[in-house]
Amino acid sequence: MMVVNKTKVMVIGGGTTGVGIIRDLALRGIDAVLVEQQDLAHGASFRFHGLLHSGARYAVNDFSAAKECIEENIILKKIASTCINNSGGLFVQHKTDRDEYIGEWLRGCSEAGIEVKEVSIQNVLNENPAMSRDLKRIYSVPDGIIDGARLVWANVYQAMEYGARVLTYTKLSGIYTANGKVTGAEVINTLTGQKSNWECETIINAAGTWADEVAKLTGIELNVTKNKGTLLVFNQRLTQKVVNRLRIPDDGDIIVPHHTVTILGTTSVNTDEPDSAKPTSGEVQILLDAGRELFPEIDNYRLLRAYAGVRPLYAGNGEVKDDDGRDISRDFRIFDHAHNGLNGFISLIGGKLTTYRMIAEKTVNYVCKTMGIKKKCQTAEIPLVDSKRLLTMDGKVNKFAVRYGIRGEMIQKYLQQNPEKEITLCECEDISFAEVEEVASWKSTNNLDDLRRKTRIGMGTCQGLYCSFRSLGSAWNAMKNKPQHPLRQLVCFLEKRYKGQKSVLWEAQIKECELTLGIYSTIFNLERVEENSEV
Amino acid sequence: MKYDVVVIGSGMSGMIAAAKAVSRNKNTLIITKGQGILPLTTGCIDIWGYQVNNPKAPALNPYEEIQRLAACKPEHPYARVLDVLPESIDFLKKILKNSGYSLTGSIYSNQKVLTALGTERVTALAPESMVVKDFARLKRIIAVGFNRYPDFFPQMFLDNLNTIIPQAAKIPVLIDLDIKETVRSNHLSLLLERQDILAKVEEQIRVQLLQHGIENKHYDDSMLIVLPAVLGKNPGSQVAKRLRSNFNTQVIGVPGLPPSIPGEHLQQALMIFLKRQGVEFRHNSEVVGDIRENGKITYLSVKDSTAIFHSVEAGSVILAAGSFIGGGLTAKQDSMLEPIFKLPVINPRHVGEDVPFLSLEGQGFLEAGVEVDDKLRPLKGIDNLYAAGSILAHGNYASEKSGLGIAVATGYKAGSLA
Ligand SMILES: Cc1cc2nc3c(=O)[nH]c(=O)nc-3n(C[C@H](O)[C@H](O)[C@H](O)COP(=O)(O)OP(=O)(O)OC[C@H]3O[C@@H](n4cnc5c(N)ncnc54)[C@H](O)[C@@H]3O)c2cc1C
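Predicted, not measured: the structure shown is a model, and the values here were computed from it.

The rules behind the values
- Residues numbered from 1 in each chain as written.
- Chains lettered and ligands numbered in written order.
- Predicted model: local features only at pLDDT ≥ 70, side-chain atom pairs only at ≥ 80, totals over all residues.
- Heavy atoms only, no water.
- Helix = DSSP H or I, 4+ residues; strand = E, 2+ residues; numbered from the N terminus.
- Rg over C-alpha atoms; globule rule 2.2 N^0.38 Å.
- Buried < 20%, exposed > 50% of the residue type's maximum accessible area, 1.4 Å probe, protein only.
- Contact = heavy atoms within 4.5 Å.
- Areas by Shrake-Rupley, 256 points an atom, 1.4 Å probe, with all protein chains shown as cover.
- Lys, Arg positive; Asp, Glu negative; His and termini not counted.
- Charge placed at Lys NZ, Arg CZ, Asp CG, Glu CD.
- Patch = residues over 30% accessible without salt bridge, like charges linked within 9 Å, V, L, I, M, F, W, Y side chains within 5 Å.
- Salt bridge = Lys/Arg side-chain N within 4 Å of Asp/Glu carboxyl O.
- Domains from an automatic or database assignment.
- Buried area = accessible area lost by both parts, 1.4 Å probe.
- Near = heavy atom within 4 Å.
- Polar contact = N/O pair within 3.5 Å; in protein donor to acceptor, adjacent residues only side chain to side chain.
- Pairing = 2+ DSSP bridges.
- Axes fitted to C-alpha atoms, helices over the stretch in contact; angles between N-to-C directions.
- Parallel < 35°, antiparallel > 145°, perpendicular 65-115°, else oblique.
- Nonpolar A, V, L, I, M, F, W, Y, C, P; charged D, E, K, R; others polar.

Observations regarding the overall build of chain B
Line of reasoning, step 1. Secondary structure summary: chain B contains 10 helices and 19 strands in total.
Line of reasoning, step 2. The C-alpha radius of gyration computed for chain B amounts to 23 Å, which stays within 12% of the reference 22 Å derived for 418 residues, consistent with globular compactness.
Line of reasoning, step 3. For chain B, the spread of C-alpha atoms along the three principal axes comes to 75 × 45 × 40 Å.
Line of reasoning, step 4. A buried classification covers 59% of the 418 residues belonging to chain B.
Line of reasoning, step 5. Residue pairs at least 24 apart in sequence account for 68% of intrachain contacts in chain B once pairs closer than 6 positions are excluded.
Line of reasoning, step 6. When the accessible surface of chain B is split by element, carbon and sulfur atoms take 50% of a total near 15,900 Å².
Line of reasoning, step 7. Across chain B, 44 positive and 41 negative side-chain charges occur, with their mean positions spaced 3 Å apart.

Some remarks on a negative patch on the surface
All names here are of chain A.
Line of reasoning, step 1. Taken together, the side chains of Glu213, Asp272, Glu273 and Asp275 present a region of like negative charge at the surface.
Line of reasoning, step 2. Here Asp272 shows up in the loop between β19 (269-270) and α7 (281-294).
Line of reasoning, step 3. With relative accessibility at 75%, the residue Asp272 sits in the exposed group.

A short note on the domain arrangement of chain A
All names here are of chain A.
Line of reasoning, step 1. Here chain A is described as being made up of domain 1 (4-43 + 149-224 + 330-371), domain 2 (85-145 + 226-310) and domain 3 (418-528).
Line of reasoning, step 2. Using only C-alpha atoms to locate each centre, domain 1 and domain 3 end up separated by 31 Å.
Line of reasoning, step 3. Between domain 1 and domain 3, the residue contacts involve 10 residues of the former and 9 residues of the latter.
Line of reasoning, step 4. Interface area, domain 1 with domain 3, both sides summed: about 790 Å², of which 56% is carbon and sulfur.

Things to note about the site of the ligand
Line of reasoning, step 1. The ligand sits among 40 residues. The nearest are Ser13, Gly34, Ile37, Thr42 and Ser390 of chain B.
Line of reasoning, step 2. Residues lining the ligand come from chains A and B.
Line of reasoning, step 3. Separating an oxygen atom of the ligand from a backbone N or O atom of Gly34 of chain B is a distance of 2.6 Å.
Line of reasoning, step 4. Contact distances for the ligand include 2.7 Å between an oxygen atom and a backbone N or O atom of Ser390 of chain B.
Line of reasoning, step 5. Across the complex, the protein chains shield 99% of the 1,000 Å² of accessible surface that the ligand would expose by itself.
Line of reasoning, step 6. At the level of secondary structure, the elements contributing two or more residues to the shell around the ligand comprise α17 (507-523) of chain A together with α1 (12-23), β14 (286-293) and α10 (403-417) of chain B.
Line of reasoning, step 7. In terms of residues, the shell around the ligand owes the most to one element, α17 of chain A, which gives 5 residues.

Comments concerning the interface of chain A and chain B
Line of reasoning, step 1. Contact with chain A, which involves 53 residues of that partner, is made by 53 residues of chain B.
Line of reasoning, step 2. Interface area, chain A with chain B, both sides summed: about 4,700 Å², of which 62% is carbon and sulfur.
Line of reasoning, step 3. Here chain A is connected to chain B by 8 salt bridges.
Line of reasoning, step 4. Note that Lys502 of chain A and Asp354 of chain B form a salt bridge whose closest N and O atoms lie 2.6 Å from each other.
Line of reasoning, step 5. Remark: the boundary between chain A and chain B carries 27 residue pairs in polar contact (both at pLDDT 80 or more).
Line of reasoning, step 6. Breaking the side of chain A that touches chain B down by element, the ones donating at least two residues are α7, α14 (467-474), α15 (476-479), α16 (486-501), α17 and α18 (526-532) of chain A.
Line of reasoning, step 7. In terms of residue count, α17 of chain A provides more of the side of chain A that touches chain B than any other element does, 13 residues in total.

As for the domain arrangement of chain B
Residues and elements named next belong to chain B.
Line of reasoning, step 1. Along its sequence, chain B is carved into domain 1 (2-105 + 264-417) and domain 2 (116-254).
Line of reasoning, step 2. If you look at the interface, domain 1 gives 23 residues, while domain 2 gives 16 residues.
Line of reasoning, step 3. When the two sides are added together, the surface that domain 1 and domain 2 hide from each other amounts to roughly 1,600 Å², 56% of it contributed by carbon and sulfur.
Line of reasoning, step 4. The three residues of domain 1 that bury the most area against domain 2 are Cys44, Thr104 and His265, which together make up 30% of that side's buried surface.
Line of reasoning, step 5. Run the count over domain 1 and domain 2 and you get 2 salt bridges.
Line of reasoning, step 6. The shortest N-O distance in the salt bridge between Glu264 and Lys233 comes to 3.3 Å.
Line of reasoning, step 7. Counting across the interface, domain 1 meets domain 2 through 12 residue pairs in polar contact (both at pLDDT 80 or more).
Line of reasoning, step 8. If you list the elements that add at least two residues to the side of domain 1 that touches domain 2, you get α3 (85-98), β5 (103-104) and α8 (261-276).
Line of reasoning, step 9. No other element matches α8, which puts 4 residues into the side of domain 1 that touches domain 2.

Looking at the sheet that holds strand β9 (residues 140-146) of chain B
All names here are of chain B.
Line of reasoning, step 1. Reading across from one edge, β10-β9-β11-β12 is the order of the 4 strands in this open sheet, with parallel pairing throughout. Because the sheet does not close on itself, it has two edges, and the strands there are β10 (169-175) and β12 (250-254). Neighbour-to-neighbour, the strand axes of this sheet turn through a mean angle of 25°, independent of strand direction.
Line of reasoning, step 2. Pairing of β9 with β10, which is carried by 7 bridges, proceeds in the parallel orientation. Note that in β10 the partner of Ile142 across the bridge is Ile171.
Line of reasoning, step 3. The sheet strands contacting helix α4 (residues 154-161) are β9, β10, β11 (223-228) and β12, and the helix crosses β9 at an angle near 155°.

Remarks on the packing of helix α13 (residues 448-455) of chain A against α16 of chain A
Residue and element names in this part refer to chain A.
Line of reasoning, step 1. Packing of α13 against α16 leaves a shortest axis separation of 8 Å and a crossing angle of 55°. For the element pair α13 / α16, the angle class is oblique. Here Leu448, Asp449 and Arg452 of α13 lie close against α16, whose contacting residues are Gln489, Leu490, Phe493, Lys496 and Arg497.
Line of reasoning, step 2. Its residues placed into classes, the contact of α13 with α16 shows 3 nonpolar, 1 polar and 4 charged.

Here we look at the pattern of salt bridges
Line of reasoning, step 1. Counting across every chain of the model gives 53 salt bridges over all chains.
Line of reasoning, step 2. Put simply, Asp31 of chain A and Arg165 of chain A hold a salt bridge, and the shortest N to O gap is 3.4 Å. Here Asp31 of chain A, found in the loop between α1 (16-27) and β3 (32-35), pairs with Arg165 of chain A, found in strand β10 (residues 165-167); they are 134 residues apart in sequence, far enough to count as distant.
Line of reasoning, step 3. Looking at Asp31 of chain A, the relative accessible area reads 32%, which means it is partly exposed.
Line of reasoning, step 4. Salt-bridge contacts for Lys180 of chain B lead to Asp178 of chain B; the nearest nitrogen and oxygen are separated by 3.4 Å.

Quick word on the side chain of Asn398 of chain A
Line of reasoning, step 1. The residue Asn398 of chain A is located in the loop between α9 (387-390) and α10 (399-404) in this model.
Line of reasoning, step 2. The residues touching Asn398 of chain A, leaving out its near neighbours within four places in the chain, are Arg389, Leu390, Leu391, Thr392 and Gln412 of chain A.

Quick word on the side chain of Ser521 of chain A
Line of reasoning, step 1. With respect to the helices, strands and loops of the structure, Ser521 of chain A is situated in helix α17.
Line of reasoning, step 2. Not counting residues up to four positions away in its chain, the partners in contact with Ser521 of chain A are Thr516, Leu526 and Glu527 of chain A together with Leu358, Ala398, Ser399 and Lys401 of chain B.

So, the sheet that holds β10 of chain A
Two orientations exist for strands paired in a sheet by backbone hydrogen bonds: parallel and antiparallel.
Residues and elements named next belong to chain A.
Line of reasoning, step 1. Within the open sheet, the 6 strands sit side by side as β10-β3-β2-β14-β22-β21. Their pairing is mixed. The sheet is open, and its two edges are formed by β10 and β21 (333-336), each paired on a single side. The sheet shows a mean angle of 15° between the axes of neighbouring strands, direction not considered.
Line of reasoning, step 2. Sheet topology places β3 next to β10; 3 bridges connect them, and they run parallel. Bridge pairing in β10 links Leu34 to Val166.
Line of reasoning, step 3. Strand contacts of α1: β2 (9-12), β3, β10, β14 (202-205) and β22 (345-349), with the helix running at about 165° to β3, the strand carrying the most contacts.

Here's the deal with the environment of Ala116 of chain B
Line of reasoning, step 1. Residue position: Ala116 of chain B is located in the loop between β6 (111-114) and β7 (120-123).
Line of reasoning, step 2. Relative accessible area serves as the criterion here: at 2%, Ala116 of chain B is assigned to the buried category.
Line of reasoning, step 3. Sequence spacing of Ala116 of chain B and Phe157 of chain B is 41 residues, and the spatial spacing of their C-alpha atoms is 6.1 Å.
Line of reasoning, step 4. In this view, Ala116 of chain B contacts Phe469 and Phe524 of chain A together with Asp151, Phe152, Phe157, Val254, Pro255 and Gly256 of chain B; residues no more than four positions away in its chain are not counted.

Dropping the structure here:
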């Protein structure tokens, strides 16, 4: 007999949109469960640029998006401060960029309420000596840098504290209906194959790039354009602030320093294969060409990896303008499938990371209305980590609360019990054994790759060379009881790290890759272990 | 002054080449930028790991496999050195012995060595401190970790060992040396040279084993005590031997993440030999170009650590600058180069290939390199240039398990001809 679980609302998809919704529901006290087919933030939310938009990028082409961005920018800096570096951003005009654009852009920014200030080129160059001397004008804007993975987990941990349930590696496999109304869902654990049933009144489809597949379970057609963006990761901080090109948005316009690396992006091309989106060497060249105009020495910086993310764009009503998708508004749409004859089924398409909270608010407002629930949204007031937990006794910011939201406490506790675990496991990102061992023991950590998204192991210069072995070894007792064999986890982890390096295998990076092979193939003989035993 | 032979690179291939050249009474100089890969290796000499016709099955006799390989892949570096292969390995063993270091094994058979991950690797020659007598007869395996040492995890090692040595009981032990910071391999290997520390380690092992009901009477040859490969800092170190005789059990140190102490032992032992034979060294110096006359290299241009340029007169030159890690090869966005002589670099397997990172066929870029004739000469038209080691094209040391074997054999031959 299959167990039947009960909830009011089921949210499909564990990207920022989905977790924003589950948090919103939880803070309103509405019983809800979120299901995600892989790990949280495995889709666009982790493979994105890390830019907290000020809205300035949209000031000319998409005024309402610009306005929403600046409003949310201000709110997120307040409630999600642990996930945001309030670095500020620059818009720079290269000598080849049109002057006429600037007037329009300034007007747009001012109308949207985005604070723009012209700054001295010399001052900027002094602070960022790597930048080109061929700049005509520079403006500062309130852009920020946001850690997508931390944001997702911080939302989820808080939602769980308020009673929400979150199931990762769980895929929606069927929707039950009766009399034109959703009554429940069947989900399947993608690691164990086990199925279970849920009773629920409403299903919110926030599956992003996969939203059309979810809708199809009920026979409803949904038009989602899938737009691939490629990004490059450099092994150092090229700037301290976000740098945007002051021109009509184009490829390779945005440079975001992120922790110890810098991300340059993006390209934009529609794709039919969201699951296997890979950067091409052509895209890598396009980005380098664009980046070179702002950073002339770009070819001499060490490129760590290239990766591609897929953005779901709304493509209804024949609004598509051209092939590269950039002219479609990335604003979101709520579809109530009551229009298709099915009550209690809502789909969301589009949306930006910067506006994820607002999208969640609007969606949950709508859902509350259809369900006759009267509860106010609180997501703009209640911070993700309250100040009591964020600050240590002596008033300093607690680094574990920054990294792990309200679960930072658990790391703190583990460290108190095991003081010898303070030593560094990952030198690139300065992550301790305590963090890795504690996070590995959480139920939501199913493998090394999940561990990476939560802790940032394997994200820095060495790309997992030392820290994959050390993480597996130090957290062995936890990792060996995960659904996937630990050596298989290691092989998959290394494979994924390699995938990002493959299109940039030159200079220092090919050495790093040879060294990784030397260790895991020559020393540990891992390719043969795989073949010879039933891992 | 003029040198008869100038070797570029002090990895395994360069050092063997120099050793052979000096044994022929050639006045020999090694110019080297860095240390090469040797200090990162396990310290085992891999010659040929798996069967040519069945790459899943370990090769029983590497020498026979290489003969088979040469017949079907005549461009492989080994095919160029078949004539000197066994002799080159004997030569290596002889010079190591001369420095008080020894490797067990031969080119005619392979052995299995355990790794810090708890996997096994197939190799021809291994340091004595890694050799286990008979996997099948082991009854107990004790894995010894150290507090605040980040590179060996006893429980992971033991659990993975279950597929290789299922019959043995497995017990993890954790040693606390009361150090309040991270302990690295180098530091630990120095500590273990100290009698008092070693005694403390022994004591803690015995106490913890007693808690598992293992008493002195159980200590015998069917028990294997496993530590990380940090058993003494010096090539001639007695740490492993001492532990063996004190415990009366088998004791090994298993290789893992670099830096590798056994790799450093091998390097130091070779270095001691070369210095004793009068080979000269220029460390931290990079060869950046050459001058040629009538089809011969006459001078090398060398940049030293203070960025001052010198020229060095050479009778013949051995290019043993390694692959990408060593710097013998470099990759640009759209091409691969050999930076000193601008030799053509071929990349035989490239073109859009998409193999998994860890796979039996191995990554194609490791097969890139310079091509040579049967006398290891890379360029038609330059008579006195030879190439050896991982700079050579067509070998794939990671998947073949052939790295130091190729370096020894090609280095030896280059040193005989130069
Ligand atoms: C992590 C790792 C572990 C390995 N483990 C093993 C193992 O256990 N057993 C095994 O058999 N094989 C192993 N291998 C493979 C093996 O180490 C290599 O195939 C072998 O060491 C190559 O030796 P080499 O002398 O050709 O090159 P290298 O060791 O790379 O030496 C090249 C030398 O040339 C110098 N050089 C380069 N350019 C210049 C220049 N312009 N001027 C002056 N000097 C220059 C470099 O500084 C260096 O000293 C391993 C490889 C790796 C990466």
